[in-house]
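Summary of the model geometry
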Amino acid sequence: MSLYHETASLLLNESSVTHGGSLKSRVFGTDSKKLFKSPPAQVYALALESSKWSSILKEVIENSELLKNERKVTPALAVLLVHDHLLAKGGIALPTSHGLRAAIERHKARLASEFTKARLRRKCPTVEALREEIVEKLAGPVHPRWVRVNSVKSTLDKQLETTFKGFQVVSSVGEVMSAGRNKRVICLDGHVPNLIACPPGLTEYLTKSDAYKKGEIILQDKASCFPAYLLDARPEDGDIIDACSAPGNKTTHLAGILAERGLSKKSPQVKIHAFEKDKNRAKTLEKMVSRAGSDTFTTIHPGEDFLRSDPHSPEFAKVTALLLDPSCSGSGIVGRDDTPELHLPDPSAKPSAISSNTSRRKRKRPEKEEAVKEPAATFIDDDDNETVLSSQKDLQTRIEALAAFQLLIILHAFAFPAAKRVTYSTCSIYAGENEHVVLKALSSPIAKQRGWRILRREEQVRGMHEWEVRGDKDACELNQEVADGCIRAFRDDGRGVMGFFVAAFVRDGSLDGEAVDEDGPYRRDDEGRIVRDDDGIPTLKSTGRKAVEGEMEEVEVDVRYGKKAKKGKKKKKGKNEEVEDDEGPFLRDEQGRIVRDGNGMPTLKSTGETVVIEESGSEDGWGGFDD
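Computed from a predicted model, the values in this text were never measured in an experiment. (Residues numbered from 1 in each chain as written. Predicted model: local features only at pLDDT ≥ 70, side-chain atom pairs only at ≥ 80, totals over all residues. Heavy atoms only, no water.)

Turning next to the nonpolar core. With 40 residues, the main nonpolar core has Tyr 4, Trp 53, Ile 56 and Leu 81 as its most contacted residues. By residue number, the principal contributor to this core is helix α4 (residues 40-64), which donates 10 residues. The residues touching Tyr 4, leaving out its near neighbours within four places in the chain, are Leu 46, Leu 77, Leu 80, Leu 81, Asp 84, Gly 91, Ile 92, Ala 93 and Leu 94. Listed in part, the 34 residues of the second largest apolar core include Ala 243, Phe 316, Ile 410 and Val 422. (Core = buried A, V, L, I, M, F, W, Y, C linked by side-chain atoms within 4.5 Å. Buried < 20%, exposed > 50% of the residue type's maximum accessible area, 1.4 Å probe, protein only. Helix = DSSP H or I, 4+ residues; strand = E, 2+ residues; numbered from the N terminus. Contact = heavy atoms within 4.5 Å.)

Dropping the structure here:
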């Protein structure tokens, strides 16, 4: 089969092997040697370029009446052959004596004439000007190329000094989007750390750079970075599961965040479990994890379905956080299908007479308007699976099926004994896969039993807390807290992201069925004050014993104000030095107990005032990465 027959078959989806998915995945994502006799790159280029020009080529072929005179040439073959005849440098890639080439060249004068007319109708002085018009029309709104610096191997500063040396740094992504597709400008993102926006025309420059080849930078949409960042993982917290990992962007982002927070590659104290049930996709995941340098602390589970994993397995005993990004409709993805629409000529079409006389003719109104049947919509999910949907009912059925699967993933994650935090995300714009799934998860028996709730907006890491686009309140059944906890992104809204959704769940209890005690683990008296012993040690509710057991060591210990000497001893001081009080710096009552206020804070002897300790927003005062 010739190059042209193979390409025509590809564009018409005649082969079950190449059916479904984007053009690139259909050409290069399979065994190309078995699928095509022609070089796959040549097939891809011909299919892509011919599709771009097909609206003009359709016009040229119909007006030249090529298909009426050459009955053996099909509409798809005509588009491909005429494209190469008029636009390819070497012309048609067939011998001069070949029947297909001869069929086209018999009409070369008429084809050239109609092509010139088509160009002039569009007011383009040259073929190159016409080409630019086609490219501009197909390009649509400029969507930036997002680049994440991989913290396992590099730093933002290093990349600014190397890969992006000489680039102009602008203050907003809007400036990047309006700068031009190939201009060397970048914007350092203000929401996700280590993320850079640049014009889409620089993609080839980036993929050929040493930083990309070494895994120091990773191309990843900004919205796709939200789940790992929102999970807010820390090395000291425990292991992490990425339930649906391939191709590995979010897995490696988790690794980068852990590395930024002090995780050692040589002796990591935490493990990332990366599940991928498709063995072929797992190979892609393995390559990406290795190139990103996180293979020393990432355990890949190839061919393993997360839903079949045992939450109570000793292997997952330390798992405290899970990232869930299950299969979805992919309705928010930008550029999912890289193939422009293919316009095929109609063999029965009459040549169009474009003149002033024709345009003034009155059109006879038909007595009865014929109903126009809408073409079936093609639904390509984020795994490149294609489904033809002929009605809104079909779409709803598909969404419901996906949502049922997505809910199962969340409920399974809720069952891991040590889990305290879960993020759920989709690249879908439909509430049926987003807010509705979140509500069902929150109302499930396991969520209520184990104390799972939505991570409130004010609790989210800084960049996510400041992201303005939140969940749909109506879709959340008017629950404002849940709606605010959900994060949304919409493509073509000026923020330069794809359509996306993410929400996080957290669990306050530590054991199954354990109620959250707002008073904490210590006993309190009738006035709400914590019950303490003579040394100020609180008493535990669970055991009735003090929180710290055992004899106090006869050594000096640091306290908030100075050092406390050994019990029962006084230190001799030099001249002009005060003798240290063996009872410490706090007032005590007649029974020797430290005097405290209603909040349990001790009172200083020196001033008679209560000790005030400033509170920070989190245990260690960390509020997210510094941008």
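Let us look at helix α16 (residues 279-291). Note that an α-helix has 3.6 residues per turn; residues three or four places apart therefore point the same way. Here α16 spans 19 Å end to end across 13 residues, near enough to the 18 Å set by a 1.5 Å rise per residue. Turning to α16, the residues buried within the fold contact β5 (217-219), α15 (249-260), β7 (272-276) and β8 (298-302). Trailing α16 by a residue or two, Gly 293 shows a phi angle of about 80 degrees, which is positive. (Expected span 1.5 Å × (residues − 1).)

Here the focus is the environment of Val 506. One can find Val 506 in strand β15 (residues 500-507). As a C-alpha pair, Val 506 and Arg 456 span 50 residues in sequence and 9.2 Å in three-dimensional space. Other than its neighbours up to four places away in sequence, Val 506 contacts Lys 420, Arg 421, Gly 451, Trp 452, Arg 453, Ile 454 and Leu 455.

For the pair helix α6 (residues 75-87) and helix α8 (residues 108-121), the least separation of the axes is 11 Å and the interaxial angle reads 80 degrees. If you check the angle between α6 and α8, you find them roughly perpendicular. Residues Val 82, His 85, Leu 86 and Leu 87 of α6 form the contact with α8, whose participating residues are Lys 108, Leu 111, Ala 112 and Phe 115. Tallied by class, the residues present in the contact of α6 with α8 amount to 6 nonpolar, 1 polar and 1 charged. (Axes fitted to C-alpha atoms, helices over the stretch in contact; angles between N-to-C directions. Parallel < 35°, antiparallel > 145°, perpendicular 65-115°, else oblique. Nonpolar A, V, L, I, M, F, W, Y, C, P; charged D, E, K, R; others polar.)

Another aspect to go through is the state of the cysteines. Counted under the stated rule, the structure contains 0 disulfides. Between Cys 476, a cysteine without a disulfide, and Cys 486, which holds the nearest cysteine sulfur, the sulfur-to-sulfur distance is 4.6 Å. (Disulfide = S-S within 2.5 Å.)

UniProt records the feature "binding site: S-adenosyl-L-methionine" (unreviewed entry) at Cys 244, Ser 245, Ala 246, Pro 247, Gly 248, Asn 249, Lys 250, Glu 276, Asp 305 and Asp 325, using the numbering of this structure. Relative to the elements of secondary structure, Ser 245 occurs in the loop between β6 (239-242) and α15. When residues no more than four places from it in sequence are discounted, the contact partners of Ser 245 are Thr 251, Ala 274, Phe 275, Glu 276 and Leu 285. Of the polar contacts made by the side chain of Ser 245, one reaches the backbone oxygen of Asp 242; its length is 2.9 Å. (UniProt positions renumbered as here; feature names shortened; annotations may be inferred. Polar contact = N/O pair within 3.5 Å; in protein donor to acceptor, adjacent residues only side chain to side chain.)

With that out of the way, let us pick up the packing of α4 against α6. A pair of packed helices is characterised by two quantities: the angle between their axes and the separation of those axes. Closest axis-to-axis distance for the α4/α6 pair is 8 Å, and the angle between their directions is 90 degrees. Considering their axes alone, α4 and α6 lie roughly perpendicular with respect to each other. Together, Leu 46, Glu 49, Ser 50, Trp 53, Ser 54, Leu 57, Val 60 and Ile 61 of α4 and Ala 78, Val 79, Leu 80, Val 82, His 83, Asp 84, Leu 86 and Leu 87 of α6 make up the contact between the two elements. Taken together, the residues of the contact of α4 with α6 break down into 11 nonpolar, 3 polar and 2 charged.

Okay, the packing of aromatic side chains next. Within the structure shown, the criterion is met by 11 aromatic pairs. Judged by centre distance (5.8 Å) and plane angle (5 degrees), the rings of Phe 306 and Phe 416 are stacked. Of this pair, Phe 306 sits in the loop between β8 and β9 (319-324) while Phe 416 is found in the loop between α18 (392-414) and β12 (421-426), placing the two residues 110 residues apart along the sequence. Its relative accessible area of 0% is what places Phe 416 among the buried residues. Both rings, one in Tyr 424 and one in Phe 501, keep their centres 6.5 Å apart while their planes meet at 65 degrees; by these two values the pair is edge-to-face. Taken as a pair, Tyr 424 in strand β12 and Phe 501 in strand β15 lie far apart in primary sequence, 77 residues in all. In terms of burial, Tyr 424 and Phe 501 fall into one category: buried. By way of ring pairs, the aromatic residues Phe 275, Phe 306, Phe 316 and Phe 416 are connected into one cluster. (Phe/Tyr/Trp six-rings, centres within 6.5 Å; stacked < 30°, edge-to-face > 60°.)

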